[in-house]
Amino acid sequence: MPSHFYFPFEKDFDHYSPKVLDGLSEYEKYQLSFHPERPKYLDYLSIFSEVGECLQREEFGANLIQTHRALFIINDEEIPVMLIGQQSGPTSDYKSFQQLATDPELIKSWNHGMPTPASYEKAIEAVALANNESRLIIVFVDTPGADPTEGSEAGGIAWKIGGIIQALVEAKVPTISIIINRGCSGGAIALTGTDITLAMENSTYLVITPEACSSILYHDRHHANEAAEISQITSKEGFSHGIVDALVEEPKGPAHRFHEESIQSLKTALIKNIKKLKEIPIDGVFENRVKRWSKMGQWEEGIKVDRVMKFRLPVPNSNGYIKRHNGCKDQNGKRVFDPVSLEQLTKKDFVCDNCGLRTIRLSAWDYIDLVLDPNSFKEHVETASILDKDILGFPGYGEKLVAEREKTGLPTAMITGDGKIDGNDVVFCTNDFGFLGGSFCMSTGEKIWRAAEIAIHKKVPMILQAAGGGARMHAGCSSMVSIPKAQLAITRVEKAGLPVVTIITDPTLGGVAIGYGSRGIRLFESGAGNIGFSGKRVIEQYTGHPVSKDFQTTAWLTKNGHTDYVVPLRELKHSIKNIIGKNISE
Ligand SMILES: [Zn+2]
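Residues numbered from 1 in each chain as written. Predicted model: local features only at pLDDT ≥ 70, side-chain atom pairs only at ≥ 80, totals over all residues. Heavy atoms only, no water.

Draft legend 1. Fine view of the sheet that holds strand S18 (residues 521-525). Taking strand neighbours across the sheet as the criterion, the 7 strands line up as S12-S14-S15-S16-S17-S18-S19 in an open arrangement whose pairing is mixed. If you trace the sheet from one side to the other, it starts and ends with strand S12 (378-379) and strand S19 (565-567), each paired once. Inspection of the sheet shows strand S15 (residues 424-431) paired to strand S16 (residues 462-468) by 4 bridges, in the parallel sense. Following the sheet pairing, Val-427 is matched in S16 by Met-462. (Pairing = 2+ DSSP bridges. Helix = DSSP H or I, 4+ residues; strand = E, 2+ residues; numbered from the N terminus.)

Structure representation (structure tokens):
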């Protein structure tokens, strides 16, 4: 009978020397970061006094984030805290787990550590309680990612994750997060938009699993080690990139063999860092946060890139017809080639009446043309020279950036500028799906940040057009860490009493949806699809069965109660004018 869990690479069962740890492959380090016996959130409660659970809920997945009121004691001072912790499984004790594993229902209830909308709702409520009760917020991060199922999409998981990021960047009390094991993808960034982020020495902090990254790069899952190496997924590397503030030393062992020593090590780190947070005057919490996030991210500046307006809205022939979209098939699977009337297609929100597919994805230049007064767009000089930086030396990324600039006529996926809507001044941020899938990256975070400051300075509304499939894997976890920065920028505009309007287009997924796609007064483009957190293909792969027919379309989102306003493409300008007109006159 074994007495512990062992991974195949665990040669020295009871003790890892620093040399052994350094000698592990990147993929082995990744596996070690979620060793089932590493201390979990509930194990760390022993650091605190007078711990009491709050916000118990019954819904599926609510157990994956747990919340506790407690006191943290430094010398004789009792500091009231709110603990929000991702608990990725029932226990870290091997023997208890062997017993619990005989109950399949119980194991199912832990959902492989993947939080659901109910989990994040609980976290949002806990932040509100902490604000009311003046409790410092301490967040524990431990997850392989948020739940990729149709059920979670129907429950609005993208908007719940967006909601907890917003709650944390707007918290009235100081906040600190600790990545204790594996902090992966949107499920983790949901909780790390804090004033300080610590990480256990052998934890990992990553935007995409090495297996999924391998699938994209090599078209199979067998190159996970190379993918892990390229993506620099350990928290130690996160620290070197400036997205982790400090590493918490683990005993030689490490944490999964020496629980108590690791827990005490975190306690020491918390004492040091909470002392720093206590120095911030309570009316300076928000300003301190703004100062911290203003420095987040890396980009190039100063290289000149030409702009070329590239439109994707088709121009009809003299009869008003355009070419039918590629790959159109009738119900018998036969290809259809006849041209279609642009007027008819526009009336149907560009959804093909033959096959039901949305047939166009507009460029950033198209949205400038459709939403703003003619020739009113002037790119901000403050954002014009920002370019993406290849911080990881990611294979092919440099060449790709050059090709994408050429293809879209844009410097980065996002372009920001001043413009007018029926004579009203606005700041306009528009994003192009054609530029590396419109993926959210550090340049996006910085551009939204500077555009927000311009909107505040000029006292004008901020309009954002969301498009993109997620966070950009080519810059690793750093891309993802710019998401709370964009949210904080938008909060600053709203705090200045200025309207923020976000146009949600096809696609708005993952890092785009949980970031600026979650914010402002949102106009969902009618006929659009691919709106939510996990993409259709990811969900189908994970669950093994197809999603429903109109899944993640604006109509489906409306049915599930997630749309604020649904607006046809041609009416976007008019709707925005009405919204900003009303908000400005109020
Ligand atoms: Zn079609």
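Draft legend 2. How the structure looks around the coordination of the zinc ion. Summarising the metal site, the zinc ion is bound by the protein donors His-325 (NE2), Cys-328 (SG), Cys-352 (SG) and Cys-355 (SG), whose distances to it range over 2.1 to 2.3 Å. Expressed as a motif, the donor residue spacing for the zinc ion is H-x2-C-x23-C-x2-C. Residue His-325 is located in the loop between strand S10 (321-322) and strand S11 (340-341), and its partner Cys-352 is located in the loop between helix H15 (342-347) and helix H16 (364-371); the two are separated by 27 residues in the primary sequence. By the burial criterion, His-325 is buried, and Cys-352 matches it. (Donors = N, O, S within 2.8 Å, 3.2 Å for Na, K, Ca; no water. Buried < 20%, exposed > 50% of the residue type's maximum accessible area, 1.4 Å probe, protein only.)

Draft legend 3. Structural detail: the pairing of strand S4 (residues 136-143). The element S4 is largely enclosed, with a buried count of 8 among its 8 residues. Residues Leu-136, Ile-138, Phe-140 and Asp-142 line one face of S4 and the alternating positions Ile-137, Val-139, Val-141 and Thr-143 line the opposite face, and both faces are buried. Strand direction decides the pairing type here: strand S3 (residues 77-86) and S4, joined by 5 bridges, are parallel. Bridging across to S4, Gly-85 finds its partner in Phe-140. Relative to strand S5 (residues 175-184), S4 is paired through 6 bridges, and the arrangement is parallel.

Draft legend 4. Representation of unusual backbone geometry in the model. Of the consecutive residues Asp-506 and Pro-507, the connecting peptide bond is found in the cis state with omega at 0°. Here Pro-507 lies in strand S17 (residues 500-508). Positive phi values are uncommon outside glycine, yet Lys-459 reaches one of about 55°. By the element assignment, Lys-459 lies in the loop between helix H19 (442-458) and S16.

Draft legend 5. Expanded view of helix H21 (residues 483-495). Helix length check: H21 (13 residues) gives 19 Å between terminal C-alpha atoms against 18 Å at 1.5 Å per residue, within 8%. Counted residue by residue, H21 has 11 buried out of 13 residues, so it is predominantly covered. For H21, every residue scored as buried is listed here: Ile-483, Pro-484, Lys-485, Ala-486, Gln-487, Leu-488, Ala-489, Ile-490, Thr-491, Arg-492 and Val-493. Just downstream of H21 lies Gly-497, where phi reads positive at about 80°. (Expected span 1.5 Å × (residues − 1).)

Draft legend 6. View of the packing of helix H14 (residues 285-294) against H21. Two elements in contact, H14 and H21, have axes separated by 10 Å at closest approach and are oriented at 135°. The orientation of H14 with respect to H21, classified from their angle, is oblique. Note on packing geometry: the crossing formed by H14 with H21 is left-handed. Across from Phe-286, Arg-289, Val-290, Trp-293 and Ser-294 in H14, the residues of H21 making contact are Pro-484, Lys-485, Leu-488, Thr-491, Arg-492 and Lys-495. Of the residues in the contact of H14 with H21, the class split is 5 nonpolar, 2 polar and 4 charged. (Axes fitted to C-alpha atoms, helices over the stretch in contact; angles between N-to-C directions. Parallel < 35°, antiparallel > 145°, perpendicular 65-115°, else oblique. Left-handed = near helix turned anticlockwise from the far one by under 90°. Contact = heavy atoms within 4.5 Å. Nonpolar A, V, L, I, M, F, W, Y, C, P; charged D, E, K, R; others polar.)

Draft legend 7. Geometry of the nonpolar core. By size, the foremost hydrophobic cluster in this structure holds 93 residues, and its most contacted members are Ile-137, Ile-448 and Met-462. Among the elements that make up this core, the one with the highest residue count is helix H8 (residues 157-169) (9 residues). The next biggest cluster of nonpolar side chains, apart from the first, holds 31 residues, and it includes Ile-360, Trp-365, Ile-421 and Leu-572. (Core = buried A, V, L, I, M, F, W, Y, C linked by side-chain atoms within 4.5 Å.)

Draft legend 8. Local environment of the side chain of Asp-142. Structurally, Asp-142 is set in strand S4. We note that Asp-142 is buried and unpaired, the nearest opposite charge coming from Lys-40 at a distance of 5.4 Å. One polar contact links Asp-142 to Ser-88, side chain to side chain, over a distance of 2.8 Å. Not counting the four nearest positions on each side in its chain, Asp-142 is found in contact with Lys-40, Gln-86, Ser-88, Ile-180, Asn-181 and Arg-182. (Lys, Arg positive; Asp, Glu negative; His and termini not counted. Salt bridge = Lys/Arg side-chain N within 4 Å of Asp/Glu carboxyl O. Polar contact = N/O pair within 3.5 Å; in protein donor to acceptor, adjacent residues only side chain to side chain.)

Draft legend 9. Here's a closer look at the pattern of salt bridges. The full count for this structure, using the stated rule, is 35 salt bridges. With a closest N to O distance of 2.8 Å, Asp-373 and Lys-573 form a salt bridge. Residue Asp-373 is located in the loop between H16 and S12, and its partner Lys-573 is located in helix H25 (residues 572-585); the two are separated by 200 residues in the primary sequence. Note on accessibility: Asp-373 and Lys-573 belong to one class, buried. Across the pair Lys-559 and Asp-550 runs a salt bridge whose closest N-O atoms are separated by 3.5 Å.

That is the geometry; function is a separate question.
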